[in-house]
Amino acid sequence: FVAMGTVEEKQNRVVEVILSRVRAWQILVGKVIGIGLLGLLQLALLAGAAYFSAQAADLADIDLASIGLPIIAAVFFWFILGYTFYAFLYAAVGSTVSRQEDLQGAMMMPIALILPGYFLALFAAENPDGLVPTLGSMVPPWTPFVMPVRIAAGVAQPWEVFVAVAGTAAAAAALVWIGSRVYAGALLRTGGKVKLLEAWRAAAE
């Protein structure tokens with residue numbers, strides 16, 4: 001949605017009007033926060049529906065009381081951290097194209113990072129203490145997928161969680177800076193696809 005919104009703003013040229021009032025990074029941050037709040041609402045509704053459904057079904061093999069607030073808080077925390085990491089990446093790649101038809105190709109880079117994290121999370125659900133899930137839970141692009149699974153399984157050590165949080169927060173902060181600069185450099189450039197390096201240089205002009 002972040003990438004699609006970016007392309008739509010470029011395509012209908014409404015961003016040119018907005019930029020006369022605010023800076024490019026302010027547009028980006030507002031977009032990321034707005035869509036992020038919607039994502040949090042969806043997550044809360046999904047979690048609530050799952051909770052009440054499990055209670056109504058009275059499943060014998062699911063102990064809702066054992067989940068606890070710490071695990072629920074961890075899920076929301078990693079959602080916010082992971083969303084921040086990927087939202088600015090999607091905004092950067094989305095700003096390099098001017099048509100929705102070209103967006104699919106531009107989104108291959110974020111997707112190439114997301115898919116291994118998804119499969120690692122599935123692997124972690126089966127073997128949360130294995131070497132591959134353990135290492136994957138501390139690599140920033142995949143940490144938001146894998147670490148919540150290991151935390152829920154009760155095998156994540158405090159130092160592992162600390163390393164994962166610090167690494168992902170640092171990577172997300174770097175992407176906020178890089179993504180904002182690429183976004184600012186490519187936002188007003190229409191026509192063909194803009195290379196990331198070109199957008200980076202254009203932001204400095």
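Fair warning: this is a prediction, and the values are worked out from it, not measured in the lab.

If you tally the helices and strands in the protein chain, you get ten helices and zero strands. Secondary structure elements in the protein chain, listed N-terminal to C-terminal, are α-α-α-α-α-α-α-α-α-α. The principal-axis extent of the C-alpha atoms belonging to the protein chain is close to 60 × 35 × 30 Å. Taken across its 205 residues, the protein chain has 36% of its residues classed as buried. Taking the contacts inside the protein chain whose residues are at least 6 apart along the sequence as the reference set, 68% of them involve residues at least 24 apart. Positive and negative charge centroids in the protein chain, built from 12 and 13 side chains respectively, lie 19 Å apart.

Moving on to the layout of surface pockets. Its volume calculated, the largest pocket comes out at about 590 Å³. Phe 79, Gly 82, Tyr 83, Tyr 86 and Tyr 90 are, among the 20 residues lining the largest pocket, the residues nearest its centre. Broken down by secondary-structure element, the contributors of at least two residues to the lining of the largest pocket are α1 (2-11), α3 (24-57), α4 (68-94) and α8 (143-153). With eight residues, α4 is the single largest residue contributor to the lining of the largest pocket. Split by residue class, the lining of the largest pocket holds 17 nonpolar, three polar and no charged.

With that out of the way, let us pick up the packing of aromatic side chains. By the definition in use, this model includes five aromatic pairs. For the pair Tyr 86 and Phe 145, a centre-to-centre distance of 6.1 Å together with 65° between the ring planes defines the contact as edge-to-face. Taken together, the residues Tyr 86 in helix α4 and Phe 145 in helix α8 connect sequence positions 59 residues apart. For Tyr 86, a relative accessible area of 7% gives the class buried.

Residues Ala 3, Phe 85, Tyr 86, Tyr 90, Val 97, Leu 103 and Met 107 are the most contacted members of the largest nonpolar core, which totals 13 residues. Mapped onto this core, the elements with two or more residues apiece are α1, α4, α5 (103-106) and α9 (158-186). With four residues, α4 is the single largest residue contributor to this core. The contacts of Tyr 86, once residues within four sequence positions are left out, are Pro 110, Leu 113, Ile 114, Pro 141 and Phe 145.

In this section: a nonpolar patch on the surface. Among the surface-exposed residues, Leu 115, Tyr 118, Phe 119 and Leu 122 lie close enough to one another that they form a single nonpolar patch of about 410 Å² accessible area. Counting through the fold element by element, Leu 115 comes out in helix α6 (residues 108-126).

Below, the discussion takes up the confidence of the model for the protein chain. On average, the protein chain scores 83 in pLDDT, and the residues at 70 or more come to 91%. Helix α10 (residues 196-204) is the least confidently modelled element of the protein chain, averaging 74 in pLDDT, while helix α7 (residues 131-136) averages 92, the highest of any element.

Our next topic: the environment of Ala 164. The topology assignment puts Ala 164 in helix α9. Looking at Ala 164, the relative accessible area reads 1%, which means it is buried. With residues up to four places along the chain from it excluded, the contact list for Ala 164 reads Trp 78, Ser 137, Met 138, Thr 143 and Met 147.

Counting through the fold element by element, Ser 95 comes out in the loop between α4 and α5. A relative accessible area of 0% means that Ser 95 is categorised as buried. Separated by 2.7 Å, the side chain of Ser 95 and the backbone oxygen of Ala 92 make a polar contact. Residues contacting Ser 95, with those up to four places away along its chain left out, are Thr 6, Lys 10, Val 182, Tyr 183 and Ala 186.

Three or more residues of α8 are buried, namely Thr 143, Pro 144, Val 146, Met 147, Pro 148 and Arg 150. One or two positions beyond α8, positive phi appears at Gly 154, with a value near 80°.

What counts, and at which threshold
- For every chain, the first residue of the written sequence is number 1, and numbering continues from 1 onward in sequence order.
- Totals for whole chains, interfaces and linings use every residue, but because this is a predicted model, local features are given only for residues with pLDDT of at least 70 and side-chain atom pairs only at 80 or more, for both listing and counting.
- Working from all heavy atoms in the structure, the side-chain values ignore hydrogens and water.
- Starting at the N terminus, helices and strands are each numbered in turn, a helix being any DSSP run of H or I of at least four residues and a strand any DSSP run of E of at least two.
- Each residue's exposure class comes from its accessible area (1.4 Å probe, protein chains only) as a fraction of the maximum for that residue type: buried when under 20%, exposed when over 50%, partly exposed otherwise.
- Residues count as neighbours in contact if any of their non-hydrogen atoms are within 4.5 Å of one another.
- This count recognises Lys and Arg as positive and Asp and Glu as negative, with His and chain-terminal groups excluded.
- Every charge is mapped to an atom, namely NZ of Lys, CZ of Arg, CG of Asp or CD of Glu.
- Both cavities and pockets are sets of points on a 1 Å grid over the protein atoms alone; in a cavity a 1.4 Å probe fits but cannot get out, in a pocket the set is open with protein on both sides within 12 Å along at least five of seven lines, and lining residues sit with an atom within 4 Å of a point.
- Grid points are joined across faces, edges and corners, and a volume is the space filled by probe spheres set on the points.
- Ten residues, namely Ala, Val, Leu, Ile, Met, Phe, Trp, Tyr, Cys and Pro, are considered nonpolar, four, namely Asp, Glu, Lys and Arg, are considered charged, and the remaining ones, Gly among them, are considered polar.
- For Phe, Tyr and Trp, rings pair up if their centres lie within 6.5 Å, where Trp contributes its six-membered ring, and each pair is then called stacked (planes under 30 degrees apart), edge-to-face (over 60) or tilted (otherwise).
- Only buried residues count toward a nonpolar core. Its members are Ala, Val, Leu, Ile, Met, Phe, Trp, Tyr and Cys residues joined through side-chain atoms within 4.5 Å.
- Candidates for patches are residues over 30% relative accessible area with no salt bridge; among them, like charges are joined within 9 Å and nonpolar side chains (Val, Leu, Ile, Met, Phe, Trp, Tyr) within 5 Å.
- Reported accessibility uses the Shrake-Rupley method at a 1.4 Å probe radius. Residues are deemed covered only where the shown protein chains occlude them.
- Salt bridge, as applied in this entry: a Lys or Arg side-chain nitrogen positioned within 4 Å of an Asp or Glu carboxyl oxygen.
- Predictor confidence is given residue by residue as pLDDT, running from a minimum of 0 to a maximum of 100.
- Polar contact is the term for a pair of N or O atoms within 3.5 Å; when the atoms are in protein, one must be able to donate a hydrogen and the other to accept it, and sequence-neighboring residues count only if both atoms are side-chain atoms.

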